[in-house]
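Coordinates in review
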Amino acid sequence: MFKSAEYELLRESVGLVDRSGRGKLRLVGTEAAEFLQGQVTNDVEALEPGTGCYAALLNHKGKVRTDMRVLRGAEWIWADTEPDMQAVVESTVRTYGIGRDVRAEDVTGSHAILSLLGPAAPSRLDVEPPAEEHAFVEGEHGLYVATLLGVDVICAAAEVDAVRLALGVEQVSDEAVECLRIESGRPRFGFDFNTDTIPEEADLNERAVSFTKGCYVGQETVARLHYKGKPNRHLRGLRLSEPAPPGAELHLDGRVVGTVGSVSESPLHGPIALAIVRREAEPGDELRVADSGTTATVVELPFTT
């Protein structure tokens, strides 16, 4: 359990967490944007330099292979992923980019990501990025990228200690940061959804999917479900009677309707979790966590008091 002081710091001021473990790629070449446009769910070609988006890479059945943040520079495209998942994107470029002017450079080891989280995050920088999520500017310490809860500083790995010192922001635990993510209702690949998930089931459509761009891998399934179907599963919040282990089955009237995803003990909300559950598990329903006496009340996201 993280310290309540960390939570208060993130809520009222600013804290720092090192996310340098994320996978990082730099795509270059005159056809980089066009190539990525045909592979991922969001509209990369519509991005102006200095902007970005969240996107997913799907298989032909419309299920998520990995997700990523995409940033567009004047002569490059940056993509960062969950740890080790940059290999999926890199393999896609290597396999399907044959004969095209696009190549992917793995910069995971050469670049670091320091996340500043909290309302005071922009004030700690020499220049503030635009408020729009994923927009970025270049500053004294590297790229400053606007995030949902603050600003990410992308800098050279060799300079990360000096940058951390210059920023002068107190470091907080991953657990405290995860609590805020869960409260905000943002699912995380590998924790709350996986390679068996269609974007709409994880509530990714609004953030990650363009329905006006051209074709991309998996588009048919995503579009059909959006326009004509009804997903069998939805991302929901859970208010737990006590903490539950991730992966535990959730039961409704004796039927398994999902599994527990990310879990946290929020100082504001108590034990909470994210979960993708079957549509019959509606907000207000009480689920039972398997092999325990713990109950889970289904709620809409984000969590509110």
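Structure shown above.
Residues numbered from 1 in each chain as written. Predicted model: local features only at pLDDT ≥ 70, side-chain atom pairs only at ≥ 80, totals over all residues. Heavy atoms only, no water.

1. A look at the overall build of the protein chain
The secondary structure content of the protein chain amounts to 7 helices and 17 strands. Here the C-alpha radius of gyration of the protein chain, 20 Å, is about what a compact globule of 305 residues would show, namely 19 Å. Considering only C-alpha atoms, the protein chain reaches an extent of 55 × 45 × 30 Å along its principal axes. Taken over 305 residues, the protein chain has a buried fraction of 52%. Expressed as a percentage of contacts within the protein chain between residues at least 6 apart in sequence, the contacts between residues at least 24 apart total 66%. Accessible area for the protein chain stands at about 14000 Å²; split by element, carbon and sulfur atoms hold 47% of it. A gap of 6 Å separates the mean positions of the 31 positive and 49 negative side-chain charges of the protein chain. (Helix = DSSP H or I, 4+ residues; strand = E, 2+ residues; numbered from the N terminus. Rg over C-alpha atoms; globule rule 2.2 N^0.38 Å. Buried < 20%, exposed > 50% of the residue type's maximum accessible area, 1.4 Å probe, protein only. Contact = heavy atoms within 4.5 Å. Areas by Shrake-Rupley, 256 points an atom, 1.4 Å probe, with all protein chains shown as cover. Lys, Arg positive; Asp, Glu negative; His and termini not counted. Charge placed at Lys NZ, Arg CZ, Asp CG, Glu CD.)

2. Some remarks on the layout of surface pockets
Considered as a void within the structure, the largest pocket measures approximately 790 Å³ in volume. Taken together, 31 residues make up the lining of the largest pocket; nearest its centre are R19, R22, E82, R181 and R188. Contributions of two or more residues to the lining of the largest pocket are made by β1 (15–18), β4 (64–72), β7 (111–117) and α5 (174–184). Of the residues in the lining of the largest pocket, the class split is 11 nonpolar, 5 polar and 15 charged. (1 Å grid on protein atoms, 1.4 Å probe; cavity = no way out; pocket = protein on both sides within 12 Å on 5 of 7 lines; lining within 4 Å. Points joined across faces, edges and corners; volume = space filled by probe spheres on them. Nonpolar A, V, L, I, M, F, W, Y, C, P; charged D, E, K, R; others polar.)

3. Observations concerning the environment of R288
Position of R288 relative to the elements: it lies in strand β16 (residues 286–289). Looking at R288, the relative accessible area reads 39%, which means it is partly exposed. Spatially, the C-alpha atom of R288 lies 9.4 Å from that of V256, the residues being 32 residues apart in sequence. Discounting chain neighbours no more than four positions away, the residues touching R288 are E249, L250, H251 and T294.

4. Comments concerning the sheet that holds strand β10 (residues 150–156)
Taken in spatial order, the 5 strands make up an open sheet running β1-β7-β10-β9-β8, and their pairing is antiparallel. Where the open sheet ends on each side, the last strands, each with one partner, are β1 and β8 (136–139). The sheet shows a mean angle of 25 degrees between the axes of neighbouring strands, taken without regard to direction. The sheet contact formed by β8 and strand β9 (residues 142–146) spans 4 bridges and is antiparallel. Residue G139 lies in a different strand from β9, and its bridge partner there is G142. Packing of helix α4 (residues 160–167) onto the sheet brings it into contact with β1, β7 and β10, and relative to β7 it is tilted by some 20 degrees. (Pairing = 2+ DSSP bridges. Axes fitted to C-alpha atoms, helices over the stretch in contact; angles between N-to-C directions.)

So, to be careful, I would describe these as geometric facts and stop short of saying anything about function.
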